[in-house]
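# Tertiary structure, described
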Amino acid sequence: MAAAIFQTFTPKQIIVEMIKDPDRFWPPYAGYDIGAYDVERQIALRNDYEHVEDPVRDLPLLNAAIEHHAVRMSEKTPRWLFDYLINSYDAHPNKTAINGIYRRRQRLEPPLHAAIRLGCSYVVQQLMASPDIDVNVRYAAHFSLAAERPFDCIHAGFAHTGLCTLRAGEYSPYSSSCFDAVEAGVYFFLAARTEGFSDGRTIPRLIEVCAQYLLRVHGHHVAPFDLDGELDPLFHLAIMEQMNSWIVDVIESIVHGDQTSPQRQNLLFRGYEKLLNVAVAVPGDKNPLVPHILRLATDDRLLPVPPDPSVLGTNPIAAALQAKNPYNAVAVAEHVYNAFSLDDDVPQDPMLYLQNLFRNFEVIHYGSISDENHHFFIQMLSVMLEDDDYIEECAGWAFLWAREADQNLRYVVTNFPIMRTVDWLWMAIHSRHLGYIRAILNLPEFTADVVSKPMPAVNAIGDVPAAPEGWTFLGAVVQARMLHAILLLLNRGANPHVVPRTEWSLFWREASEDWNSGDMERVQFVSIYMEYDFFQGDDLVGSVADLEANQTITNTVEVALATIERECLGL
């Protein structure tokens, strides 16, 4: 009778029928044990070297029930059916079939891997209760003998135990795509997050619950650190994809576990700092994992920052700012300050330590060059309020990244009168910041007479070189090749004779030839003479087609060249 059922229905159809009419298949009533028959069927089929695989009809009932449970949200596989099918494996003398391993290699996903992949936490619990289950069985879904994939395991596509054997002749589980049940929880979570499902949030969370069960009940988890104490690549990916609940469970299990274990020692030796460096850089600000790592570090009486935070090199604050996550940076800074403030055993002043931390070059650099970090930029300058050199350095970086850091720059200029207007002007010209040149021209003191007269010397500020005594506004923008700024100054009544005629002639001839030359593309000309309006750093704003069709460029260039020709050269 059981054999006839398998001839009539596929395994997936049998599962549907069993759910609809349990008595028809339930052993006490049906007169046969379809679960036991299926185990015998699997062993016979998969050990028969003459049998031609049929992935539809050869599928084990347990695997079919798992897939039905995940796909049919309105008709989930009942727990009694899972229990019955798993018990059928447990009652059989073959102890490897439940792990998908047979004498003849099979392209069959182990039930435990399938249950984790589809987020069936109850099945994972019941399988882990089986005395024959092996969490160390490795499996990869793909199967390839292609020569261009030398680092594929020769067992790829088949369940197997032990280390992977690579086609390149190496033995390593790290460069192979096969993974055991513990690693499967992370791999499948990452796949669910990146490849997408119809329910993009629920499925990853269900997979995470399965991984948490393996950890909490059986103690199995991916090690956060490798043999060299560096963050394991798989664990790094888990942090980046925000597998947060599982990550916290892993760290806490290490904290409360064997205090002499290598993982515990790695955690105590700057391990929290390495975890935090990744967590603060996760796309999207206010990563909820950050306060968890800070809390665990506090419980261990550790600060997750470098011993000498002012030295060159990435620390958690710099890592957050590099990823443009200012709120994460503020959270770390506040934690450091509070940790010092609340610990009576620490002799150092918390504000002095925080200031030392903010003197790290990467903190200054990344905190200043982007308005996306403006929230932290304000906090940073409030801590360094009395350090004019520090504020000048921040202002210098903001000027050099004028378009991206306009809000930061305006905040410095408005709230910190650390430099003269002429200093800001020199920096604006050097950084080709046309917006600030326009703003400075609108100041009452910048009359036609002022923009033509010699200016006082300006000291070097950051990467901006010094300006000699007697430099002129108009002369500086001519040397900077800022065609638009030249036109602005001439229209404001600047005296063209403060710039030598030979310099005007050279500039006019060069610009005219570049504009009319068939050798120079429009985008090249604009990047040299009108950079600020149309470029963001080295990147063009918009498309090349938009730039070439922009009539404003043509009008501005032709008017500027005609004005220089008429007023400066007298032609």
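A quick note: this is a predicted structure, and the numbers were derived from the prediction, not measured. (Residues numbered from 1 in each chain as written. Predicted model: local features only at pLDDT ≥ 70, side-chain atom pairs only at ≥ 80, totals over all residues. Heavy atoms only, no water.)

A count of helical and extended segments in the protein gives 31 helices and two strands. Burial status across the protein gives 51% buried among its 571 residues. Partitioning the intrachain contacts of the protein with sequence separation of at least 6 by distance along the chain shows that 66% fall at a separation of at least 24. As displayed, the protein has an accessible area near 26,600 Å², and 52% of this comes from carbon and sulfur atoms. (Helix = DSSP H or I, 4+ residues; strand = E, 2+ residues; numbered from the N terminus. Buried < 20%, exposed > 50% of the residue type's maximum accessible area, 1.4 Å probe, protein only. Contact = heavy atoms within 4.5 Å. Areas by Shrake-Rupley, 256 points an atom, 1.4 Å probe, with all protein chains shown as cover.)

Summarising the model, the protein shows a mean pLDDT of 84, and 90% of its residues fall at 70 or more. Counting interchain partners and residues more than four positions distant, the pLDDT-below-50 stretch residues 143-150 has 13 contacts. (pLDDT = per-residue confidence, 0-100.)

So, on to the packing of helix α21 (residues 388-400) against helix α23 (residues 421-430). Contact geometry for α21 and α23: axes closest at 9 Å, N-to-C directions at 35 degrees. Crossing angle aside, the handedness with which α21 passes α23 is right-handed. On α23, the residues that touch A395, G396, F399 and L400 of α21 are W424, M427, A428 and H430. Grouping the amino acids of the contact of α21 with α23 by side-chain chemistry returns six nonpolar, two polar and no charged. (Axes fitted to C-alpha atoms, helices over the stretch in contact; angles between N-to-C directions. Left-handed = near helix turned anticlockwise from the far one by under 90°. Nonpolar A, V, L, I, M, F, W, Y, C, P; charged D, E, K, R; others polar.)

Before going further, it helps to examine helix α15 (residues 289-299). Those residues of α15 not exposed but buried are L289, V290, I293, L294, L296 and A297. End-on, the buried residues of α15 take up no more than an arc of 165 degrees, which puts them together on one face. Once α15 ends, the next one or two residues include R301, with phi positive near 55 degrees. (Arc of directions from axis to C-beta.)

Among the nonpolar cores identified, the biggest contains 182 residues, and F358 and F473 are the most heavily contacted of them. Tallying contributions element by element places helix α10 (residues 181-195) first for this core, with eight residues. Here F358 is in contact with I317, A333, V363, I364, F376, Q379, M380, V383, M384 and Y390, once residues within four sequence places are set aside. (Core = buried A, V, L, I, M, F, W, Y, C linked by side-chain atoms within 4.5 Å.)

Our focus in this paragraph is the side chain of H484. As for its position among the elements, H484 is in helix α26 (residues 483-491). Excluding residues within four positions of it along the chain, H484 makes contact with L434, R438, Y529, M530, D533 and T556.

Turning our attention to a negative patch on the surface. Among the surface-exposed residues, D388, D389, E393 and D463 lie close enough to one another that they form a single negatively charged patch. Structurally, D388 is set in helix α21. (Patch = residues over 30% accessible without salt bridge, like charges linked within 9 Å, V, L, I, M, F, W, Y side chains within 5 Å. Salt bridge = Lys/Arg side-chain N within 4 Å of Asp/Glu carboxyl O. Lys, Arg positive; Asp, Glu negative; His and termini not counted. Charge placed at Lys NZ, Arg CZ, Asp CG, Glu CD.)

A word on the pattern of salt bridges. A full pass over the atoms with the stated rule returns 20 salt bridges. For D299, the salt bridge identified is with R295, shortest N-O distance 3.8 Å. Of the two residues, D299 and R295 are both situated in helix α15; the distance of four residues between them amounts to about one turn of the helix. For R410, the salt bridge is made with D406, and the minimal N-O distance between the two is 2.8 Å.

It is worth spelling out unusual backbone geometry at this point. Unlike most non-glycine residues, R301 shows phi in positive territory, near 55 degrees. Mapped onto the elements, R301 comes out in the loop between α15 and α16 (316-322). On the accessibility criterion, R301 (60% relative accessible area) is exposed. Unusually for a residue other than glycine, K324 sits at a positive phi of about 60 degrees. On the secondary structure map, K324 appears in the loop between α16 and α17 (326-342). On the basis of relative accessibility, which here comes to 39%, the residue K324 falls in the partly exposed class.

It is worth spelling out the packing of aromatic side chains at this point. All told, the structure shown has 11 aromatic pairs when counted by the stated rule. An aromatic cluster of three or more residues is present, and its members are F507, W515, F525 and Y529. Here K286 stacks its cationic end above the ring of Y327, 4.6 Å away from the centre of that ring. (Phe/Tyr/Trp six-rings, centres within 6.5 Å; stacked < 30°, edge-to-face > 60°. Lys NZ or Arg CZ within 6 Å of the ring centre and 35° of its normal.)

With that settled, consider the environment of D232. Considering the arrangement of structural elements, one finds D232 in the loop between α11 (202-218) and α12 (233-240). Considered as a pair, D232 and V222 are 10 residues apart in the sequence and their alpha carbons are 8.6 Å apart. When residues no more than four places from it in sequence are discounted, the contact partners of D232 are V222, A223, P224, F225 and D226. Polar contacts involving the side chain of D232 include one to the main-chain amide nitrogen of L234, which spans 2.9 Å. (Polar contact = N/O pair within 3.5 Å; in protein donor to acceptor, adjacent residues only side chain to side chain.)

With that settled, the discussion passes to the packing of α23 against helix α24 (residues 434-441). Where α23 meets α24, the closest approach of the two axes is 8 Å, and the angle between their N-to-C directions is 150 degrees. One element, α23, and the other, α24, form an angle in the roughly antiparallel class. Along this stretch, α23 crosses α24, giving a crossing that reads as left-handed. Residue-level contacts link T421, W424, L425, A428 and I429 of α23 to Y436, I437 and I440 of α24. (Parallel < 35°, antiparallel > 145°, perpendicular 65-115°, else oblique.)

So, about the environment of Y49. Tracing the sequence through the fold places Y49 in the loop between α5 (34-46) and α6 (61-71). C-alpha of Y49 to C-alpha of R104: the two residues are 55 residues apart in sequence and 7.1 Å apart in space. Contacts of Y49, omitting those with residues within four sequence positions, involve R103 and R104.

Time to look at the state of the cysteines. Taken as a whole and assessed by the stated rule, the structure comprises zero disulfides. Sulfur of C210: no disulfide; nearest cysteine sulfur belongs to C120 and is 7.0 Å away. On the basis of relative accessibility, which here comes to 0%, the residue C210 falls in the buried class. (Disulfide = S-S within 2.5 Å.)

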